[in-house]
Amino acid sequence: MAIFLKKSTGDYYVDLYVKGRRKRWKVGPNKRQAELVEAKLKVEIVEGKFMDIKKSSNISFSEFADRYITEYSKIENKSWYKDEERIKLLKEEFGTMPLSNIEMKDIIQFKAKLLNREKAPGKKIRPATVNRYLMLLKGVFSRAIDWGIFHGVNPCRNMKALNENNKKDRFLNAEEI
């Protein structure tokens, strides 16, 4: 947190970072008033009453995933049945965790588990499949934010998709030669 004077206007500003986001307020030409505003903001942040911070509900991932399927996916997506199948695996991983406790590191660990998982003996899950799970997870969090259930930043926002190698070796048959 900092107080600074903008020389061009002669006004004091309070500058602070909350959850990685920069907030700045113009207070006016009085330095004492800026110090009081800064002290008040510090107290609000410590008490969790800061004006821009909303408490996320403690809804579990599993509960919200069910709601996502019934209220969004079945209505908006023709392929909702695929979402429903993928959600089962996501529920195994994140089931009872509250949405607000799921972080990017948890998603990275899930991604690594998927890449090492076998879908059939001797066949691992392909990167394209992992990308579909990540996109579904990203969609779940986006919907939670839109519906006002989750008030944080989407933990999937900076997740990069894996490179998909969809090339297949094709052999010419006798007629094509």
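Placed above this text is the structure.
Everything quoted here is computed from the prediction, not taken from an experiment. (Residues numbered from 1 in each chain as written. Predicted model: local features only at pLDDT ≥ 70, side-chain atom pairs only at ≥ 80, totals over all residues. Heavy atoms only, no water.)

**Quick look at the nonpolar core**
Residues F61, F64, L90, F94, L99, I107 and L137 are the most contacted members of the largest nonpolar core, which totals 28 residues. Looking at this core, the elements with two or more residues in it are α2 (61-76), α3 (80-94), α4 (104-116) and α5 (127-146). Tallying contributions element by element places α5 first for this core, with eight residues. Excluding its chain neighbours within four sequence positions, the residues that come into contact with L99 are I59, F61, F64, F141, A144, I149 and F150. Of all hydrophobic cores here, the second largest spans seven residues; its members include L16, V18, A34 and L41. (Core = buried A, V, L, I, M, F, W, Y, C linked by side-chain atoms within 4.5 Å. Buried < 20%, exposed > 50% of the residue type's maximum accessible area, 1.4 Å probe, protein only. Helix = DSSP H or I, 4+ residues; strand = E, 2+ residues; numbered from the N terminus. Contact = heavy atoms within 4.5 Å.)

**As for the sheet that holds strand β1 (residues 2-6)**
Taken in spatial order, the three strands of this open sheet run β1-β2-β3, and their pairing is antiparallel. The open sheet has two free edges, formed respectively by β1 and β3 (21-28), since each of these has just one partner strand. When strand polarity is set aside, the average angle formed by the axes of neighbouring strands in this sheet is 30°. With five bridges connecting them, β1 and strand β2 (residues 11-18) associate as antiparallel partners. Counted as the bridge partner of L5 is Y12 from β2. Strand contacts of helix α1 (residues 31-47): β1, β2 and β3, with the helix running at about 15° to β2, the strand carrying the most contacts. (Pairing = 2+ DSSP bridges. Axes fitted to C-alpha atoms, helices over the stretch in contact; angles between N-to-C directions.)

**Observations regarding the pattern of salt bridges**
With the rule as written, the count across this model stands at 14 salt bridges. A salt bridge links R24 to D15; the shortest N-O distance between them is 4.0 Å. A residue is classified by how much of its surface remains accessible, and R24, at 48% relative accessible area, is partly exposed. The exposure class assigned to D15 is buried, which follows from its relative accessible area of 11%. We note a salt bridge from E71 to R67, for which the minimum N-O separation is 3.1 Å. Linking E71 with R67, this pair stays in helix α2, spanning four residues, or about one helical turn. (Salt bridge = Lys/Arg side-chain N within 4 Å of Asp/Glu carboxyl O.)

**Concerning α4**
With 13 residues, α4 extends 19 Å between its outermost C-alpha atoms, agreeing within 8% with the 18 Å of an ideal straight helix rising 1.5 Å per residue. Among all positions in α4, only D106, I107, F110, K111 and L114 are buried. All buried residues of α4 project into a common sector of 140° when viewed along the axis, lining one side. Buried residues along α4 sit against α3 and α5. (Expected span 1.5 Å × (residues − 1). Arc of directions from axis to C-beta.)

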